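# Examining the three-dimensional arrangement
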Amino acid sequence: SDRSLRPPAPRSSTGAQQPNPRGTMVCKGASQVYLKWLNSLIILIGLLLLALGVFCIVELKAELEAVSQIAPFIGVIAGAAVLLVGILGCWGASAQNKFILFVYWIIMTVVTVAVLAAGAVFMTQVGLLKDLEVGNSAAIVDEAEAKINDFTLAVFDVCCKENSIPPCADTTTGACFKDKAFFDETASRIGPELCAALAEIKIDGVALVAPEDKQGCESPVIFQGMIATYLNDNILPIGIGFIVISVILLLVDICTCCLICTNREDYDAEYRQRVQQQNGGAVAGTGGPGVKYV
């Protein structure tokens, strides 16, 4: 048959099988398209984060400073970082520059691991805040839970206008703060803007903050239970989102590796010679000089 008359795959003079440029080009082309489109999206996301960061500094600085002194600037920092990574990725994919692609691969690998770790934390910590619903702050021994407890009680104390939260050293039951310095510092940073934002949050029709008709302000235990429910309802979707993003970033790592490997002829002289020999043989139809069939 015609198939039986076809020569076997070409091999070099050293016996090594010649590279397959068709498969290489498919990998290279698909990876370039994926990286260019995704990094274009990353650039847009970086610009949006920058805009959001500027808005937060101008309009929400007081509310965010109640959480952390650097919180208002996180958006700008994150936006600038994302924008630079997107530009680096587009540049590397377009220019096929091995050094740029390698630097980009390192950055994206670190980001992928960080995002995956964050998703794992969110997924495993769903339900952690339910401990606050018990209303027995003195029994909390975990440092992270203690910080959450003191933060939520500081918000209750200020927004509900109670000024009645005792230290845990003075009580063994009910709601109390564990760290007076942290509690007082948090309370001093909480402004009316944060309280107004919390007043807009309703759980089963009950306002989280409503000093006049109580509702969530009826007691610190009720307030902590409501805010724990609200945060838990939002932690799971965030965790799933992180996991999905990490999968997308993993594909970025794979495509970047593909581009680095398909760029092999730029730095491997023997490999480049084999490719040139095969391409010459394909044009001549005989395998070209230096190629023999075995």
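Residues numbered from 1 in each chain as written. Predicted model: local features only at pLDDT ≥ 70, side-chain atom pairs only at ≥ 80, totals over all residues. Heavy atoms only, no water.

Think of two packed helices as two axes; the pair is described by the angle between the axes and how far apart they sit. Contact pair helix H6 (residues 143-159) / helix H9 (residues 220-262): the axes reach a minimum separation of 10 Å and the direction vectors enclose 120°. Here H6 and H9 pass one another in a crossing that is right-handed. Within the contact between the two elements, H6 uses Asn149, Thr152, Leu153, Val155 and Phe156 and H9 uses Pro220, Phe223, Gln224 and Ile227. Tallied by class, the residues present in the contact of H6 with H9 amount to six nonpolar, three polar and no charged. (Axes fitted to C-alpha atoms, helices over the stretch in contact; angles between N-to-C directions. Helix = DSSP H or I, 4+ residues; strand = E, 2+ residues; numbered from the N terminus. Left-handed = near helix turned anticlockwise from the far one by under 90°. Contact = heavy atoms within 4.5 Å. Nonpolar A, V, L, I, M, F, W, Y, C, P; charged D, E, K, R; others polar.)

All right, on to the nonpolar core then. Membership of the largest hydrophobic core comes to 22 residues, with the highest contact counts inside it found for Cys159, Ile190, Leu198, Leu208, Val209 and Phe223. Contributing elements (two or more residues each) for this core: H6, helix H8 (192-199) and H9. Counting residues per element, this core draws most heavily on H6, which supplies five residues. Setting aside its immediate chain neighbours within four residues, Phe223 contacts Thr152, Val155, Phe156, Leu208, Val209 and Gly216. With 16 residues, the next largest nonpolar core counts Ile42, Val85, Ile100 and Ile260 among its residues. (Core = buried A, V, L, I, M, F, W, Y, C linked by side-chain atoms within 4.5 Å. Buried < 20%, exposed > 50% of the residue type's maximum accessible area, 1.4 Å probe, protein only.)

Before going further, it helps to spend a moment on the state of the cysteines. Within this structure, the stated rule accounts for two disulfides. Bridging Cys159 to Cys195, the disulfide has an S-S length of 2.0 Å. Here the disulfide of Cys159 and Cys195 is left-handed, its torsion about the S-S bond being about -80°. One end of the pair, Cys159, is in helix H6; the other, Cys195, is in helix H8, with 36 residues separating them in the sequence. For Cys195, a relative accessible area of 13% translates into the label buried. (Disulfide = S-S within 2.5 Å.)

Our focus in this paragraph is H6. The end-to-end C-alpha distance of H6, which contains 17 residues, comes to 24 Å, matching closely the 24 Å that a straight helix rising 1.5 Å per residue would cover. Those residues of H6 that sit buried are Glu145, Ala146, Asn149, Asp150, Thr152, Leu153, Ala154, Val155, Phe156, Asp157 and Cys159. Residue Lys161 follows H6 closely and has a positive phi angle near 55°. (Expected span 1.5 Å × (residues − 1).)

Moving on, we come to the environment of Ile245. Looking at where Ile245 falls in the secondary structure, it is placed in helix H9. We classify Ile245 as partly exposed; its relative accessible area is 41%. As a C-alpha pair, Ile245 and Leu116 span 129 residues in sequence and 8.2 Å in three-dimensional space.

This brings us to the packing of aromatic side chains. Counted by the stated rule, this structure contains three aromatic pairs. Ring plane angle 20° and centroid distance 4.3 Å describe the contact between Phe177 and Phe183, whose orientation is recorded as stacked. Sitting above the plane of the Phe182 ring, Lys147 keeps its charged end 4.3 Å from the centroid. (Phe/Tyr/Trp six-rings, centres within 6.5 Å; stacked < 30°, edge-to-face > 60°. Lys NZ or Arg CZ within 6 Å of the ring centre and 35° of its normal.)

The next subject is the confidence of the model for the protein. Taken over all residues, the pLDDT of the protein has a mean of 75, while the share at 70 or more is 74%. Mean pLDDT across the secondary structure elements of the protein bottoms out at strand E4 (residues 291-292), with 42, and peaks at helix H7 (residues 180-189), with 89. (pLDDT = per-residue confidence, 0-100.)

A few words on the packing of H6 against H7. Contact geometry for H6 and H7: axes closest at 9 Å, N-to-C directions at 45°. Taken together, the axes of H6 and H7 are oblique relative to one another. Considering how the two elements wind past one another, H6 and H7 form a crossing that is right-handed. Here Lys147, Asp150, Phe151, Leu153, Ala154, Asp157 and Val158 of H6 lie close against H7, whose contacting residues are Phe182, Phe183, Thr186 and Ala187. Grouping the amino acids of the contact of H6 with H7 by side-chain chemistry returns seven nonpolar, one polar and three charged. (Parallel < 35°, antiparallel > 145°, perpendicular 65-115°, else oblique.)

The full count for this structure, using the stated rule, is three salt bridges. In this structure, Lys180 and Asp184 form a salt bridge, with 3.0 Å as the shortest nitrogen-oxygen distance. In this pair, Lys180 and Asp184 are both assigned in helix H7, four residues apart and thus about one turn of the helix distant. Since its relative accessible area comes to 52%, Lys180 is described here as exposed. The residue Arg189 makes a salt bridge to Glu185 at a minimum N-O spacing of 2.9 Å. In this pair, Arg189 and Glu185 both sit in helix H7, four residues apart, roughly one turn of the helix. Relative accessible area serves as the criterion here: at 16%, Arg189 is assigned to the buried category. On the basis of relative accessibility, which here comes to 43%, the residue Glu185 falls in the partly exposed class. (Salt bridge = Lys/Arg side-chain N within 4 Å of Asp/Glu carboxyl O.)

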